[in-house]
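Summary of the model geometry
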Amino acid sequence: MVNEFEIRKQICDIGQRIYNRGMVAANDGNISVKISDNEFIATPTGVSKGFMKPSMLVKVDGEGKVLASDGIHKPSSELKMHLRVYKERPDVKAVVHAHPMYATAFAIAGIPLAKPIMPEAIITLGCVPIAKYGTPSTEEIPDAISEYLQNYDAVLLENHGALSFGVDLMNAYFKMESLEFYAQLLYLSTQLGGPKEIPKDEVQRLYELRKKFNMPGRHPGDLCGVTGCACVNAKKEEAAKNENADLEKMVAEITRRIMSEMK
Ligand code: 13P
């Protein structure tokens, strides 16, 4: 049986951490925890997550209906995104959304975190794909993250920030910390001439270790690094499609010119 007050205190504590670590500015970010099959505690909208009190948090059901509040605060404007994660991932009990500086810079540049550069990041995160841009608070973001939910525990949100989820709040929060650390290292090593990547067979060994550790959550496993990261492949496919479309346009234009000269 979960102690709801303890969960509320823990959410405030994590809110303070993400704020103090600069993972969110001003009123940014949101956090939620699943406390029963159809009850969730979510952070309030428009409030700094560094200065929350347990009573400010809002209890909602799986459709987003408010079940309990202090009568002042409303649930996060990103609640739909959180509820989609719980709906599609019954193993998930907590969701954290933040805008950590380096991870968000990658999300803005459109670069997924997909290079095997350090064992811890490979074991805890694998690669972190980018879900395509959607307007905050609409169904666009839930729809965009959906394709990654079954195989990943962390996703970058294009031009927006990052999302992580796990079997409890500490687990989801630590993934956000790891993701930001990974992004920072990837950025810095790129400035230093480019990261030296861990070879594929060693990446595979790390995945085997992960299985042995029996770590909870989903993981890209052989999708990432070994057979090629799914998110990187998706980008390559997109680029190939665009290239083919350009080629087709060029052939059509040449054919049109030849035909008009033959008239
Ligand atoms: P809320 O305060 O409504 O949770 O929104 C913050 C945010 O970061 C939106 O992306």
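This section reports on the structure supplied with the text. (Residues numbered from 1 in each chain as written. Predicted model: local features only at pLDDT ≥ 70, side-chain atom pairs only at ≥ 80, totals over all residues. Heavy atoms only, no water.)

Digging into the overall build of the protein
Counting its regular elements, the protein contains 8 helices and 8 strands. With the principal axes as the frame, the protein shows a C-alpha extent of 80 × 45 × 35 Å. When burial is assessed residue by residue, the protein has 45% of its 263 residues classed as buried. Entry remark: accessible area of the protein is about 13,900 Å², with carbon and sulfur atoms responsible for 55%. (Helix = DSSP H or I, 4+ residues; strand = E, 2+ residues; numbered from the N terminus. Buried < 20%, exposed > 50% of the residue type's maximum accessible area, 1.4 Å probe, protein only. Areas by Shrake-Rupley, 256 points an atom, 1.4 Å probe, with all protein chains shown as cover.)

Overview of the pairing of strand β8 (residues 161-166)
When you tally the buried positions in β8, you get 6 out of 6 residues, the bulk of the element. Strand direction decides the pairing type here: strand β5 (residues 94-98) and β8, joined by 5 bridges, are antiparallel. The residue of β8 that forms the bridge with A98 is A162. Where strand β7 (residues 154-157) and β8 come together, 4 bridges link them in antiparallel fashion. Bridge pairing links A154 to S164 in β8. (Pairing = 2+ DSSP bridges.)

A look at the site of the ligand
In the neighbourhood of the ligand, 13 residues make up the surrounding shell, with G29, N30, T45, S76 and S77 lying closest. Interatomic distance of 2.9 Å between a backbone N/O atom of G46 and an oxygen atom of the ligand. Between an oxygen atom of the ligand and a side-chain N or O atom of S77, the distance comes to 2.6 Å. Taken by itself the ligand offers 310 Å² of open surface, and the protein chains cover 89% of this. Looking at side-chain class alone, the shell around the ligand contains no nonpolar, 10 polar and 3 charged residues. (Near = heavy atom within 4 Å. Polar contact = N/O pair within 3.5 Å; in protein donor to acceptor, adjacent residues only side chain to side chain. Nonpolar A, V, L, I, M, F, W, Y, C, P; charged D, E, K, R; others polar.)

Some details on the packing of aromatic side chains
Within the structure shown, the criterion is met by 5 aromatic pairs. Measuring from centroid to centroid gives 5.9 Å for Y148 and Y152, while their planes differ by 75°, and the two rings are edge-to-face. The class of Y148 is buried, set by a relative accessible area of 9%. (Phe/Tyr/Trp six-rings, centres within 6.5 Å; stacked < 30°, edge-to-face > 60°.)

Some points on a nonpolar patch on the surface
There is a patch of nonpolar side chains on the surface, built from L247, M250, V251, I254, I258, M259 and M262 and spanning about 730 Å² of accessible area. Mapped onto the fold, M262 is located in helix α8 (residues 230-262). (Patch = residues over 30% accessible without salt bridge, like charges linked within 9 Å, V, L, I, M, F, W, Y side chains within 5 Å. Salt bridge = Lys/Arg side-chain N within 4 Å of Asp/Glu carboxyl O.)

Details of the sheet that holds β7
Read from one edge of the open sheet, 8 strands run β4-β3-β2-β1-β5-β8-β7-β6, paired in mixed fashion. In the strand order of this sheet, the two ends are held by β4 (66-68) and β6 (130-131), each with one partner. Strands in contact with helix α1 (residues 4-20) are β1 (30-36), β2 (39-42) and β3 (58-60); relative to β1, the strand with the most contacts, it is inclined by about 160°. Along the sheet, helix α2 (residues 79-88) contacts β1, β2, β3, β5, β7 and β8; its crossing angle with β1, the most-contacted strand, is approximately 40°. (Contact = heavy atoms within 4.5 Å. Axes fitted to C-alpha atoms, helices over the stretch in contact; angles between N-to-C directions.)

Considerations on the packing of α2 against helix α5 (residues 140-149)
Closest axis-to-axis distance for the α2/α5 pair is 9 Å, and the angle between their directions is 30°. Taken together, the axes of α2 and α5 lie roughly parallel to each other. Once α2 is placed against α5, the crossing between them reads as right-handed. Residue-level contacts link K80, M81, R84, V85 and E88 of α2 to I141, P142, D143, I145, S146 and L149 of α5. Grouping the constituent residues of the contact of α2 with α5 by class yields 6 nonpolar, 1 polar and 4 charged. (Parallel < 35°, antiparallel > 145°, perpendicular 65-115°, else oblique. Left-handed = near helix turned anticlockwise from the far one by under 90°.)

Things to note about the environment of P44
Among the structural elements, P44 can be located in the loop between β2 and β3. The contact partners of P44, leaving out residues within four places of it in the chain, are K49, M52, M56, L57, H73, K74, P75 and S76.

As for the side chain of E180
Its place among the elements puts E180 in helix α6 (residues 169-191). Here E180 occupies a buried position and makes no salt bridge, while the nearest side chain of opposite charge, R21, is found at 7.6 Å. Not counting the four nearest positions on each side in its chain, E180 is found in contact with M23, P100, M101, Y102 and A103. (Lys, Arg positive; Asp, Glu negative; His and termini not counted.)

Quick word on the pattern of salt bridges
Under the criterion given, the structure shown has 17 salt bridges. A salt bridge links E39 to K59; the nearest nitrogen and oxygen atoms lie 3.6 Å apart. Of this pair, E39 sits in strand β2 while K59 sits in strand β3, placing them 20 residues apart in sequence. Linking R84 and E88 is a salt bridge whose minimum nitrogen-to-oxygen distance equals 3.5 Å. Taken together, the positions of R84 and E88, both in helix α2 and 4 residues apart, correspond to about one turn of that helix. Through salt bridges with shared partners, one network takes in R89, D91, D153, K175 and R218.

This is a description of form; function is not addressed.
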